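Residues per chain, in single letters:
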Amino acid sequence: PVYSQGGDAEAGGQLTTVLVASSTDANNVTAVPADAAFVAIGHIPNTDLLQGQVEMTSSGYLVTKPGSTATSVPGVFAAGDVADWTYRQAVTSAGSGSQAALDAERWISENAIGGVDEAEEEGQSADCHPEDYEGWTMKQIRKQLKEMGIDTATACRGCNEKSQFVEVLCRHGGA
């Protein structure tokens, strides 16, 4: 079994350690430094810890939004056996785990997790808020960058996500 040791107050309540216990020797517990944990739970959706916090089916599976691994709680994503009551195979769980990781990464970047201090260090205007551009299309963002005289081919080399283009927009003062 894997147990979270809880958030570290000095780390802002973030996960810093995961305890891994032997299934054959209860005294054999190893503390593993970790920023995040993915827990394999088998064929029974072991979702009791989320009861009443995240929308789930009557069978205990977490409900995800269509075409996504996002749950009813912003920033919480479900994959594998907790969300898949049809296939329940390691290979499909691995695939949906990858999707959840990408969805989580996108959510973190779009919600500016990390604070204003990082943005200010990068020279972004404190008045520019990435969430202000959520409703903008890529066409609108590129047009705004062009109107500001910013060459996106140079300023945003390697940008693949909308959030990366918004970062460039904010770095140059926003709209």
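Predicted model only: the values in this text are computed from it and were never measured. (Residues numbered from 1 in each chain as written. Predicted model: local features only at pLDDT ≥ 70, side-chain atom pairs only at ≥ 80, totals over all residues. Heavy atoms only, no water.)

J.: How do you make sense of the environment of G149 when you look at a structure like this?
T.: Residue position: G149 is located in the loop between helix 3 (138-147) and helix 4 (152-155). Judged by relative accessible area, G149 falls into the exposed class, the value being 65%. Residues G149 and H172, 23 residues apart in the sequence, show an inter-C-alpha distance of 10.0 Å. (Helix = DSSP H or I, 4+ residues; strand = E, 2+ residues; numbered from the N terminus. Buried < 20%, exposed > 50% of the residue type's maximum accessible area, 1.4 Å probe, protein only.)

J.: Sorry, what's going on with the side chain of D103 here?
T.: Considering the arrangement of structural elements, one finds D103 in helix 1 (residues 90-110). Discounting residues that sit within four places of it in the chain, D103 has contacts with S68, T69, A70 and F77. (Contact = heavy atoms within 4.5 Å.)

J.: Where do I start with the packing of helix 3 against helix 5 (residues 162-171) in this structure?
T.: The description of two packed helices rests on the angle between their axes and on the distance between the axes. Where helix 3 meets helix 5, the closest approach of the two axes is 10 Å, and the angle between their N-to-C directions is 25 degrees. By the angle class used here, helix 3 and helix 5 are roughly parallel. As for how helix 3 packs across helix 5, the hand of that crossing is left-handed. Touching M138, I141, R142, Q144 and L145 of helix 3 are K162, F165, V166, V168 and L169, all from helix 5. In the contact of helix 3 with helix 5, the residues fall into seven nonpolar, one polar and two charged. (Axes fitted to C-alpha atoms, helices over the stretch in contact; angles between N-to-C directions. Parallel < 35°, antiparallel > 145°, perpendicular 65-115°, else oblique. Left-handed = near helix turned anticlockwise from the far one by under 90°. Nonpolar A, V, L, I, M, F, W, Y, C, P; charged D, E, K, R; others polar.)

J.: Just to check I follow, could you spell out the nonpolar core for this structure?
T.: By size, the foremost hydrophobic cluster in this structure holds twelve residues: C128, Y133, I141, L145, I150, C156, C159, F165, V166, V168, L169 and C170. Of all the secondary-structure elements, those providing two or more residues to this core are helix 3 and helix 5. Per-element tally for this core: the top contributor is helix 5, with five residues. (Core = buried A, V, L, I, M, F, W, Y, C linked by side-chain atoms within 4.5 Å.)

J.: Help me out: how do you make sense of the side chain of T69 in this one?
T.: Tracing the backbone shows T69 in the loop between strand 5 (29-33) and helix 1. Looking at T69, the relative accessible area reads 5%, which means it is buried. Among the polar contacts made by the side chain of T69, one reaches the side chain of D103 at a distance of 2.6 Å. Among all residues touching T69, those that are not within four sequence positions of it are T64, V76, F77, A78, S96, Q99, A100 and D103. (Polar contact = N/O pair within 3.5 Å; in protein donor to acceptor, adjacent residues only side chain to side chain.)

J.: Help me understand the pattern of salt bridges, please; the structure alone is not making it clear to me.
T.: It is possible for side chains of opposite charge to pair when their charged atoms get near one another. For the coordinates displayed, the defined rule picks out three salt bridges. Taking the shortest distance from any N to any O, the salt bridge between R106 and D103 comes out at 3.7 Å. Remark: D103 and R106 occur in helix 1; sequence separation between them is three residues, near one turn of the helix. Given a relative accessible area of 33%, R106 falls into the partly exposed group. (Salt bridge = Lys/Arg side-chain N within 4 Å of Asp/Glu carboxyl O.)

J.: Would you take a moment to explain the environment of G174 for this structure?
T.: The residue G174 is located in the segment after helix 5 in this model. Residue classification places G174 among the buried positions, given a relative accessible area of 10%. Put simply, G174 and C128 are 46 residues apart on the chain and 5.6 Å apart in space, counted from C-alpha to C-alpha. Excluding its chain neighbours within four sequence positions, the residues that come into contact with G174 are C128, Y133, M148 and L169.

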